[in-house]
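So you can see what is in the structure, the chains are spelled out below.
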Amino acid sequence: MENNFKMVAKTLFGFEELLAKELTQLGAQNVEIGVRNVSFTGDKGFMYKANLSLRTAIKILKPIRTFRVVTEQDIYDNIYKMQWEDYLKPTGTLAVDATINSTVFTHSLYIAQKTKDAIVDKFRNTTGTRPSVDLKFPDLKINIHIDRQKCTVSLDTSGDSLHKRGYKTATNIAPINEVLAAGLIMLSGWDGQSDFMDPMCGSGTILAEAAMIACNIPPNLMRKEFAFERWEDWDVDLFEKIEESLLSKTRDFHHRIIGFDKSPSAVTKAIENVKNAHLDEFITIKHEDFFKTQKAGHEKLHMLFNPPYGERLNIEMEEFYGKIGDTLKQNYPGTDAWLITSNLDALKCVGLRPSRKIKLFNAKLESRFVKYVMYEGSKKAKKQV
């Protein structure tokens, strides 16, 4: 059996515990929560499995060296000393990205350049041939992380961010990130045991992620490529075996997933994306204005949506959020309604008291993810039953 090694899965602020739970359920060992990341150990097969399966991970890094840095020369010298021939052919291609938390090193692009120079110089001096840079499709993607005086060199196992699932070809204004959408659904506690609705579904991301969660479909099966597929030790047979094993664990779903949007172009895009994801049998999308709709039937409904924040759309926000509250109160009894917004002033105009409020970020916008419980009849009647 192959040796286990350490990996670090990066995630969004507030999703660390969700990601740790996902990793534990997948079978990761030594799971430790950090800030916007979770570290764990596993073997090569588990690295493949984690990239295919994790809903709340943005990237999975494989640290290969850590050293102390005080000057720029320390970076160059330590990178130069490494056995890069174990990871890359002299004629191969590479890309480097850097993240920095330091008062001494302040320019991430410069650090990435310094790293690239050290690797290229090492190959040129030892083989007479040098790798070239390819920012789009490199054979090896390297991540440098400097935290004060500690520098960690990692191989990027994922390549493109894992939110790029591969099913979304059409997007709207301000589309929600797939990792954020999946994390919101998981944070809301929906487990596929009731109907699910996104009443302002845009390009359908929340709907697609909900269907994959309900059916236990791995989120990244449709990705064109992972970075590890270009590595020297790429094992296609092992990868296909893991894909098959994951697919054998999908489950049936016996409720409905419904999406509304009042924009005809959004509905067209959402239908297209859901079809690309092969999820159209589970999802119904309709051209409807949420404020003119009402709940169908008496079954419990789980609602989750990402309303406009007023960042890019010309809408009277206070009035709009007031209508959200009125529609929920009057037309959606027996519903748990969750929404995320960065417009904290407009949120006050919903006029309902949230039963939960969670601080998150949508891209760089500080946001609140809130839950409103709409009882059947009045709250008082509910308590007297």
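Please read all numbers here as calculations on a predicted model, not as lab measurements.

A.B. asks: Sorry if this is basic, but what is going on with the overall build of the chain here?
C.D. replies: The helix and strand inventory of the chain stands at eleven helices and 15 strands. Relative to its length of 385 residues, the chain is compact, with a C-alpha radius of gyration of 23 Å against a globular reference of 21 Å. Counting the 385 residues in the chain, one finds 51% classified as buried. Here the chain contributes 54 positive and 50 negative side-chain charges, whose respective centroids are spaced 5 Å apart.

A.B. asks: Please clarify how the domain arrangement of the chain should be interpreted in this entry.
C.D. replies: When the parts of a complex come together, some accessible area is lost, and that lost area is often used as the size of the interface. Annotation of the chain at the domain level lists domain 1 (5-156) and domain 2 (178-216 + 251-374). The C-alpha-based centres of domain 1 and domain 2 are spaced at 36 Å. Each partner contributes to the interface: domain 1 provides eleven residues, whereas domain 2 provides 13 residues. Across the domain 1 to domain 2 interface the summed buried area is about 1,000 Å²; carbon plus sulfur atoms make up 77%. For the pair domain 1 and domain 2, the interface holds zero salt bridges.

A.B. asks: Would you mind showing me how to read the sheet that holds strand 10 (residues 257-261) here?
C.D. replies: Strand pairing in a sheet relies on backbone hydrogen bonds, with the paired strands running either antiparallel or parallel. Reading across the sheet, the seven strands line up as 11-10-9-12-13-15-14 and stay open at both edges, with mixed pairing between neighbours. Each edge of the open sheet carries a strand with a single partner, namely strand 11 (283-287) and strand 14 (356-362). Here the strands of the sheet are splayed against their neighbours by 20° on average, with no regard to which way each runs. Bridge count between strand 10 and strand 11: five bridges; the pairing is parallel. Of the residues in strand 11, the one forming a bridge with Phe260 is Lys286.

A.B. asks: What am I meant to see in helix 6 (residues 205-214) here?
C.D. replies: Since one α-helical turn is 3.6 residues long, residues separated by three or four positions face the same way. Along helix 6, ten of the ten residues are buried, which leaves the element largely enclosed by surrounding structure. Burial in helix 6 covers these residues: Thr205, Ile206, Leu207, Ala208, Glu209, Ala210, Ala211, Met212, Ile213 and Ala214. Contacts made by the buried residues of helix 6 are with helix 5 (178-187), strand 9 (195-198), strand 10, strand 11 and strand 12 (301-305). Phi turns positive, to about 55°, at Asn216, one or two residues after helix 6.

A.B. asks: Would you take a moment to explain the sheet that holds strand 4 (residues 59-68) for this structure?
C.D. replies: Taken in spatial order, the eight strands line up as 2-3-1-4-8-7-5-6 in an open sheet, and their pairing is mixed. The open sheet has two free edges, formed respectively by strand 2 (29-33) and strand 6 (132-133), since each of these has just one partner strand. Contacting strand 5 (93-101), strand 6 and strand 7 (140-147), helix 4 (residues 108-127) crosses the sheet at an angle of about 140° to strand 5.

A.B. asks: What exactly am I supposed to notice about the UniProt feature "domain: THUMP" (unreviewed entry) in the chain here?
C.D. replies: In the numbering adopted here, UniProt assigns the feature "domain: THUMP" (unreviewed entry) to residues 46-157. Annotated as residues 46-157, this span is 34% helix and 32% strand, and its ends, taken at the C-alpha atoms, are 12 Å apart.

A.B. asks: Explanation requested: the packing of helix 2 (residues 44-53) against helix 7 (residues 236-247) in the structure shown.
C.D. replies: Between two packed helices, the angle of one axis relative to the other and the distance separating the axes together describe the packing. The contact between helix 2 and helix 7 brings their axes to 10 Å, and the two run at 50°. Classed by the angle they form, the pair helix 2 and helix 7 counts as oblique. Seen along the crossing, helix 2 lies across helix 7 with a hand that is right-handed. On helix 7, the residues that touch Lys44, Gly45, Tyr48, Lys49, Leu52 and Ser53 of helix 2 are Leu238, Phe239, Ile242, Glu243 and Leu246. Residue composition of the contact of helix 2 with helix 7, grouped by class: six nonpolar, two polar and three charged.

A.B. asks: Honestly, the confidence of the model for the chain in this entry has me stumped. Any pointers?
C.D. replies: Atomic detail in the predicted coordinates should be set aside for any region of low pLDDT. Across the chain, pLDDT averages 93, with 95% of residues at or above 70. Confidence drops under pLDDT 50 across residues 379-385; counting only partners more than four residues distant or on other chains, this segment forms one contact.

A.B. asks: What exactly am I supposed to notice about helix 5 here?
C.D. replies: For helix 5, a buried count of nine out of ten residues is recorded, marking the element as mostly surrounded by other parts of the structure. What helix 5 keeps buried is the set Glu178, Val179, Leu180, Ala181, Ala182, Gly183, Leu184, Ile185 and Leu187. Among the residues of helix 5, the N-terminal cap falls to Asn177, whose side-chain oxygen and the backbone nitrogen of Val179 are separated by 2.7 Å. After helix 5 finishes, the residue Gly189 shows a positive phi value of roughly 85°.

A.B. asks: Just to check I follow, could you spell out the nonpolar core for this structure?
C.D. replies: Grouped burial of nonpolar side chains is what soluble globular proteins tend to show. One finds Leu279 and Leu328 to be the most contacted residues of the largest nonpolar core, which totals 65 residues. No other element matches the eight residues that helix 6 contributes to this core. Beyond its immediate stretch of four places on either side in the chain, Leu279 contacts Ala208, Ala211, Met212, Ile217 and Val274. Membership of the second largest hydrophobic core comes to 50 residues, among which are Phe40, Ile75, Phe123 and Phe226.

Criteria and thresholds
- Residues numbered from 1 in each chain as written.
- Predicted model: local features only at pLDDT ≥ 70, side-chain atom pairs only at ≥ 80, totals over all residues.
- Heavy atoms only, no water.
- Helix = DSSP H or I, 4+ residues; strand = E, 2+ residues; numbered from the N terminus.
- Rg over C-alpha atoms; globule rule 2.2 N^0.38 Å.
- Buried < 20%, exposed > 50% of the residue type's maximum accessible area, 1.4 Å probe, protein only.
- Lys, Arg positive; Asp, Glu negative; His and termini not counted.
- Charge placed at Lys NZ, Arg CZ, Asp CG, Glu CD.
- Domains from an automatic or database assignment.
- Contact = heavy atoms within 4.5 Å.
- Buried area = accessible area lost by both parts, 1.4 Å probe.
- Salt bridge = Lys/Arg side-chain N within 4 Å of Asp/Glu carboxyl O.
- Pairing = 2+ DSSP bridges.
- Axes fitted to C-alpha atoms, helices over the stretch in contact; angles between N-to-C directions.
- UniProt positions renumbered as here; feature names shortened; annotations may be inferred.
- Parallel < 35°, antiparallel > 145°, perpendicular 65-115°, else oblique.
- Left-handed = near helix turned anticlockwise from the far one by under 90°.
- Nonpolar A, V, L, I, M, F, W, Y, C, P; charged D, E, K, R; others polar.
- pLDDT = per-residue confidence, 0-100.
- Polar contact = N/O pair within 3.5 Å; in protein donor to acceptor, adjacent residues only side chain to side chain.
- Core = buried A, V, L, I, M, F, W, Y, C linked by side-chain atoms within 4.5 Å.

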